[in-house]
Each structure stands twice: as C-alpha cells, then as structure tokens.
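# Chains, contacts and geometry: an overview
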Amino acid sequence: MKAYFLFHDKWTEYVKADWAASRFPFAGFVVIEKTRAGLVPFLRRRMRRLGIRKVADEILLRLYYVLFQSRRDGRMLRQFMAGVQRDMPAGYRRPPVHRIHDINSDEAAALLTSLAPDVCVLMVIPILKERILSIPPLGMLVFHPGVTPEYRGAYSPFWAVLNRDFSRIGWSLLRIDAGIDTGVVLAQGGARNPNPLTQSHVFLAHKAHVDGLPAVVEMLRKLQAGEQPRVSTDGRQSHNYTHPGWTDYLKYRKVLKQLRRERTGPGPGV
C-alpha cells in the first residue's frame, strides 16, 4: 500500500510526519507551501460571510495571542517536540518530499495523480475539491485535532475547554467527504492528561496530534491488511466550530478561573 503524508510547511508538522514515517513506510511527504491567495482577500471573504464585527473579534484575539502567548507556546512546543524526535529510531531517514503551493490546484492534481497513492493522511486546513479527494482509492484521511462529530472545524481544543468538555480534547482520523470533518471516522481518542491551566488551546492541538500518531499508524496497517476500521457516531451530536474571537476568549478565561478554583480553592484569576 502506497501512503503519502500531506501537511503544511511548518516545523511542527515535519516532526509529527517524521515520527509516523519512522513507524510506517510512507512513500513520501507532500508539503503545502501556500494555502491562500493572501491575507487581505481571505479577510474580505470572511467579512462578507460573517460580518465585520465577527472578523474584527477574531483579529483581536490573534493579536493578543501573538503579543502575549505565542512566545511561551513556542518554548513549550520546542521542548515537547524534542521529546517526539528523541523517540524516533536513530537510523530513520525521511522519505522523499514533494512541494506544492495549493492543495486544490492543477499542480497538486497532477502531482498526486503521478504519485498514484493508495491512501493519503492529511494535516491540512483547506476543504478539498472532489478531483483531489477522489485520487487515492482508499481515501484522503484527515488527521483532525478534535473529537468528531462533536468538535468539527477549527480550534477544537479551544471549544472543548470553553464547554468544559475536557474528555473531548483529542483527535480523530476520518475519511474526507464534501463536508467539514463530516466523513466516516476510522479512529479517535483523547489527548493524554491535557491541562488547560498550563497548556494553551494551540499547544493542546499539537499534543492531541502527537498522542494520536500511534493509532494513525495502526489504522494504516489495518487498511494495508484489507480491514475497514470504523468508529460509530450514531446518536452523537454534531457541531461545526469556527475561529474563536476575543469575546470567546473572555468566556474561556472564566472557565479557566472556575477550574483553578475547583482544583486549588479561591485565588487570583487565571
């Protein structure tokens, strides 16, 4: 079975893909170097769809994160990912890397057709067009840092914490269809010992991915053996979340304050 790992050109994604490739013989990586035409057109589209107030709310939270949280997260992620790298075999060699600029482009379609994958595992953001997702006969499998169908869409750990749904800070591996994280779930699970008081929603998304990697490898082995693994989602509520904004973050902080009081008693806010 010929498998490829598709992901964005970020150092954290290389570490995750390398760990998986050290356990399963991926034929190669397809790295996406560009996903959108530009920030301004992207924001204009969101404003037309969601309104100026909602987008401004999202931008405010992004600015706050960059100014006050991103540096700490960077240090934590480097330390965490260093542990992932230490867990890889000493003789590991990265498979061939192919680069594209847009997962839905003619360039990507031509490359994937020439590579002829049986299955692809993806850590990507854009919704795939039918001509792309139909290329591998065993499907495009998105490795989503959230438990579906309850937490489809963006920033799943953020919304799970906001809902005090801590057991659903986790991951899902599902076969992509035309919807947003609505495909058949092959495997899913929770992150190990998540701690929202010390770990941001951004860190928790990476942690969920890393904690789910062994199960992804196991699912690939099952597919290779001709099995058809599936997790039943019958009777479960489905919710598609979007990017959080500053007003959502204020509610998030209240949840953290309550959680800290429950664990340590009354004290200063988070």
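Structure: see above.
The present account deals with the structure reproduced in this document. Quick caveat: nothing in here was measured; it's all calculated off a predicted structure.

Looking only at helices and strands, the protein has nine helices and nine strands in total. A globule of 270 residues ought to have a C-alpha radius of gyration of about 18 Å, and the protein, at 19 Å, matches this closely. Projecting the C-alpha coordinates of the protein onto the three principal axes gives extents of approximately 60 × 45 × 40 Å. Each of the 270 residues in the protein was classed as buried or not, and the buried ones make up 47%. Accessible area for the protein stands at about 13700 Å²; split by element, carbon and sulfur atoms hold 53% of it. Charged side chains of the protein number 41 positive and 23 negative; the gap between the two group centres comes to 7 Å.

Moving on, we get to the nonpolar core. Side chains of nonpolar character tend, in soluble globular proteins, to be buried together. Core analysis: the biggest nonpolar cluster contains 32 residues, and Phe5, Phe7, Phe26, Val121, Phe143 and Leu173 have the highest contact counts within it. The biggest single contributor to this core is helix α8 (residues 201-224), with seven residues. In this structure, Leu173 is in contact with Val121, Leu141, Val142, Phe143, Val184, Val185, Leu186, Ala187, Val216 and Met219, ignoring residues within four places of it in sequence. Within the second largest apolar cluster, 22 residues are counted, among which are Ile32, Ile103, Leu111 and Leu128.

Take the side chain of Ser22 next. Mapped onto the elements of the fold, Ser22 is located in the loop between α1 (11-21) and β2 (28-32). Only 2.6 Å separates the side chain of Ser22 from the backbone oxygen of Trp19, close enough to count as a polar contact. A polar atom in the side chain of Ser22 sits 3.0 Å from the side chain of Arg23. The contacts of Ser22, once residues within four sequence positions are left out, are Met88, Pro89 and Tyr92.

A complete count under the given rule lists 17 aromatic pairs for this structure. Aromatic pair Phe5 and Phe29: ring centres 6.4 Å apart, planes at 90 degrees, arrangement edge-to-face. With Phe5 in strand β1 (residues 3-8) and Phe29 in strand β2, the pair connects residues that are 24 residues apart, well separated along the chain. For the pair Phe5 and Phe29, a shared accessibility class is recorded, and that class is buried. Pairing Phe7 with Phe29 gives two aromatic rings, centres 5.3 Å apart and planes at 70 degrees, and the pair type is edge-to-face. Here Phe7, found in strand β1, pairs with Phe29, found in strand β2; they are 22 residues apart in sequence, far enough to count as distant. One aromatic cluster is present, built from ring pairs that chain together Tyr64, Phe68, Tyr151, Phe158, Trp159, Tyr241, Trp246, Tyr249 and Tyr252.

Once that is clear, we can look at the pattern of salt bridges. All chains considered together, the criterion is met by 16 salt bridges. Arg99 serves as the salt-bridge partner of Asp9, at 3.8 Å between the closest nitrogen and oxygen. Here Asp9 is found in the loop between β1 and α1, whereas its partner Arg99 is found in strand β3 (residues 97-100), with 90 residues between them in sequence. Classification of Arg99 as partly exposed rests on a relative accessible area of 42%. One salt-bridge network, held together by shared partners, links Arg46, Lys54, Glu58 and Asp248.

Between its first and last C-alpha, helix α4 (residues 70-86) extends 24 Å over 17 residues, near the 24 Å set by a 1.5 Å rise per residue. For α4, the full list of buried residues reads Asp73, Gly74, Leu77, Met81 and Val84. On an axial view of α4, the arc spanned by its buried residues comes to 100 degrees, and they lie on one face. Exposed side chains of α4 directed beyond 90 degrees from the buried face belong to Arg71, Arg78, Gln79 and Arg86. In the core, the buried residues of α4 are packed alongside α1, α3 (52-68) and α8.

Together, Ile59, Leu63, Leu67 and Phe68 give the surface a local cluster of nonpolar side chains, amounting to about 430 Å² of exposed area. As for its position among the elements, Phe68 is in helix α3.

Inspection of the secondary structure puts Lys251 in helix α9 (residues 246-264). Residues Lys251 and Val161, spaced 90 residues apart in sequence, show a C-alpha to C-alpha distance of 10 Å.

The next subject is the sheet that holds β3. Strand order in the open sheet made by the seven strands is β3-β2-β1-β4-β5-β7-β8, with mixed pairing throughout. Unpaired on one side and paired on the other, β3 and β8 (185-190) mark the two borders of the sheet. Here the average twist between neighbouring strands, direction ignored, is 20 degrees. Pairing analysis gives four bridges linking strand β5 (residues 140-144) to strand β7 (residues 170-175), with the strands arranged antiparallel. Each residue of the ladder has a partner; that of Val142, found in β7, is Leu174. Its contacts with the sheet place α1 against β1, β2, β3 and β4 (119-123), and it is angled at close to 165 degrees to β1. Strands β1, β2, β3 and β5 of the sheet are contacted by helix α5 (residues 106-115), whose axis makes an angle of about 155 degrees with β3.

What counts and what doesn't
- Residues numbered from 1 in each chain as written.
- Predicted model: local features only at pLDDT ≥ 70, side-chain atom pairs only at ≥ 80, totals over all residues.
- Heavy atoms only, no water.
- Helix = DSSP H or I, 4+ residues; strand = E, 2+ residues; numbered from the N terminus.
- Rg over C-alpha atoms; globule rule 2.2 N^0.38 Å.
- Buried < 20%, exposed > 50% of the residue type's maximum accessible area, 1.4 Å probe, protein only.
- Areas by Shrake-Rupley, 256 points an atom, 1.4 Å probe, with all protein chains shown as cover.
- Lys, Arg positive; Asp, Glu negative; His and termini not counted.
- Charge placed at Lys NZ, Arg CZ, Asp CG, Glu CD.
- Core = buried A, V, L, I, M, F, W, Y, C linked by side-chain atoms within 4.5 Å.
- Contact = heavy atoms within 4.5 Å.
- Polar contact = N/O pair within 3.5 Å; in protein donor to acceptor, adjacent residues only side chain to side chain.
- Phe/Tyr/Trp six-rings, centres within 6.5 Å; stacked < 30°, edge-to-face > 60°.
- Salt bridge = Lys/Arg side-chain N within 4 Å of Asp/Glu carboxyl O.
- Expected span 1.5 Å × (residues − 1).
- Arc of directions from axis to C-beta.
- Patch = residues over 30% accessible without salt bridge, like charges linked within 9 Å, V, L, I, M, F, W, Y side chains within 5 Å.
- Pairing = 2+ DSSP bridges.
- Axes fitted to C-alpha atoms, helices over the stretch in contact; angles between N-to-C directions.

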